[in-house]
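A closer look at the structure
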Amino acid sequence: MKPLRIVTYNVNGIKARLPRLVEYLAEAKPDVVCLQELKSSDETFPERDIRDAGYGALWHGQKGFNGVAILARGVDPVERQRGLSGEPEDEHSRYLEAEVDGTVIASIYLPNGNPQPGPKFDYKLRWFERLSARARDLLAEEQPVVLAGDYNVIANDDDTYSVKAMASDALMQPESREAYRLLLAQGWTDSLRTRFPSGGVWTFWDYQAGAWQRDAGFRIDHLLLSPMAADRLVDAGVDKAYRGREKASDHAPTWVQLR
């Protein structure tokens, strides 16, 4: 198997960020990119631009918000599943799963959950339970799996610039953290945490209050590895500089390298 560089990238609107995305694909040449927050219907997904950049694509769109995609360099990802079972009336496009070069990869956009408490936070926790059920099934397959995405969870105090500033946010509530810990406890490896065990690494900087300029960020984009994928872990990191480009997403591309 050749080395695989897998990226998770919340683009915050694929049409608005298309120049930045194409630029990133050309410069970084990742093997697989999991996109979140496309804010695009299936019909308006820019497939031609993605293919012209050298990538095959699968997408699960939704007009105006949500939406996930999986891009693979030089090949078409093979779809395995879109959406999660357990709540048939849920129409949010937040989960897409595919196989690329023998590795199972999911692109995940977990609900934000604000304002909390309330129905949006309840939905976040229910969605987390549904994701955990799917993750358990994937572990049982005993193959390399990467669960990549925007989890909207600040897992640890050292995953944010300010515990105080984020204390009342849905991203940092005890229930959100507990759901994330329970997912990891199934046997998943948090690749970025493994690489940077003392924290202090951000993947998101708000557009408000000069957050980027102050480096007032936090880590909410995670790539979780099954045991077989974790055995192949070489490195993980954040392509932080891309957040500073003109009309950039508020997230930076976050990656893992597997041998």
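Definitions and cut-offs
Counting restarts for each chain: residues are numbered from 1 in the order of the written sequence. Side-chain atom pairs in this predicted model are given and counted only at pLDDT of 80 or more, local residue features only at pLDDT of at least 70, and totals for whole chains, interfaces and linings cover all residues. Think of the side-chain values as coming from all heavy atoms in the structure, minus any hydrogens and water. Runs of E in the DSSP output that reach at least two residues are strands. Runs of H or I that reach at least four are helices, and both are numbered from the N terminus. Both definitions apply: the radius of gyration is a C-alpha atom measure, and the globule rule equals 2.2 Å times residues to the power 0.38. Classification of residues uses two cut-offs on accessible area relative to the type maximum, computed with a 1.4 Å probe and protein chains only: under 20% is buried, over 50% is exposed, and between them is partly exposed. Should any heavy atoms of two residues lie within 4.5 Å, those residues are counted as being in contact. Using a 1.4 Å probe, the Shrake-Rupley method yields the accessible areas, and only the shown protein chains count as cover for residues. When charges are counted, neither His nor the chain ends are considered; positive counts come from Lys and Arg and negative counts from Asp and Glu. Every charge is mapped onto a representative atom, which is NZ of Lys, CZ of Arg, CG of Asp or CD of Glu. One less than the residue count of a helix, multiplied by 1.5 Å, gives the span that helix is expected to have. Axes are fitted to the seven residues ending at a residue and to the seven starting at it; the angle between these axes is taken as the bend at that residue.

A tally of regular secondary structure across the protein gives eight helices and 14 strands. Computed over its C-alpha atoms, the radius of gyration of the protein comes to 17 Å, within 12% of the 18 Å expected for a compact globule of 259 residues. Each principal axis of the C-alpha distribution contributes one length, and for the protein these read about 45 × 45 × 40 Å. Buried positions account for 58% of the 259 residues belonging to the protein. Looking at the protein alone, contacts between residues at least 24 apart form 69% of all its contacts between residues at least 6 apart. Counting only carbon and sulfur atoms, one obtains 51% of the accessible surface of the protein, whose full area is about 10900 Å². Considering the protein, the positive charge centre built from 33 side chains and the negative charge centre built from 39 side chains are found 4 Å apart.

Here helix 1 (residues 14-28) contains 15 residues, and its C-alpha end-to-end distance of 18 Å is more than 12% below the 21 Å for a straight helix at 1.5 Å per residue. Remark: the principal bend of helix 1, roughly 35°, maps to R20. Buried residues along helix 1 sit in contact with strand 1 (4-10), strand 2 (32-36), helix 2 (47-52), strand 3 (55-60) and strand 4 (68-73).

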